[in-house]
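Residue-level structural notes
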Amino acid sequence: MASSKDYFGLGRLVSIILAIIPITAWILGIVTRFSEGKIVAGILRIIFGGWIVWLIDLIMMIFGGHILRLLNI
């Protein structure tokens, strides 16, 4: 199946490629959370969206097809 919930419904392979590039993953993670209406989660991604969140997002995108959703507010 080539569709994914994250990164605006792009295909899973495209989402994984975008997740590999740190700055792209950070920006798309923030935009994704804001587009879902999760303002607090988007702000937390801005503040704490460092290397650890990027690495977790990358692993979750490869194995599950979605990014980290630590806070669903």
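Bear in mind that the values here come from a model prediction, so they are computed numbers and not experimental data. (Residues numbered from 1 in each chain as written. Predicted model: local features only at pLDDT ≥ 70, side-chain atom pairs only at ≥ 80, totals over all residues. Heavy atoms only, no water.)

1. Observations concerning the packing of aromatic side chains
Two aromatic rings, taken as a pair, are described by how far apart their centres are and by the angle between their planes. Applying the stated criterion across every chain, the model contains two aromatic pairs. For the pair Trp26 and Trp51, a centre-to-centre distance of 5.3 Å together with 75° between the ring planes defines the contact as edge-to-face. Of this pair, Trp26 sits in helix 2 (residues 22-35) while Trp51 sits in helix 4 (residues 51-64), and the two are 25 residues apart along the sequence. According to the relative accessible area criterion, Trp26 is partly exposed, its value standing at 23%. Of the residues examined, Trp51 reaches a relative accessible area of 54% and is grouped as exposed. Centre to centre, the rings of Trp51 and Trp54 are 5.5 Å apart; their planes meet at 85°, and the pair counts as edge-to-face. Placement of the pair is Trp51 and Trp54 together in helix 4, with a separation of three residues, close to one helical turn. Among the aromatic side chains, those forming a connected cluster through ring pairs are Trp26, Trp51 and Trp54. (Phe/Tyr/Trp six-rings, centres within 6.5 Å; stacked < 30°, edge-to-face > 60°. Helix = DSSP H or I, 4+ residues; strand = E, 2+ residues; numbered from the N terminus. Buried < 20%, exposed > 50% of the residue type's maximum accessible area, 1.4 Å probe, protein only.)

2. So, the nonpolar core
In this structure, Tyr7, Ile16, Ala19, Ala25, Leu28, Trp54, Leu58, Met61 and Ile67 together form the largest nonpolar core, which totals nine residues. Contributions of two or more residues to this core are made by helix 1 (12-20), helix 2 and helix 4. In terms of residues, this core owes the most to one element, helix 4, which gives three residues. Excluding residues that lie within four positions of it along the chain, Trp54 makes contacts with Ala19, Ile20, Ile21, Pro22, Ala25 and Trp26. (Core = buried A, V, L, I, M, F, W, Y, C linked by side-chain atoms within 4.5 Å. Contact = heavy atoms within 4.5 Å.)

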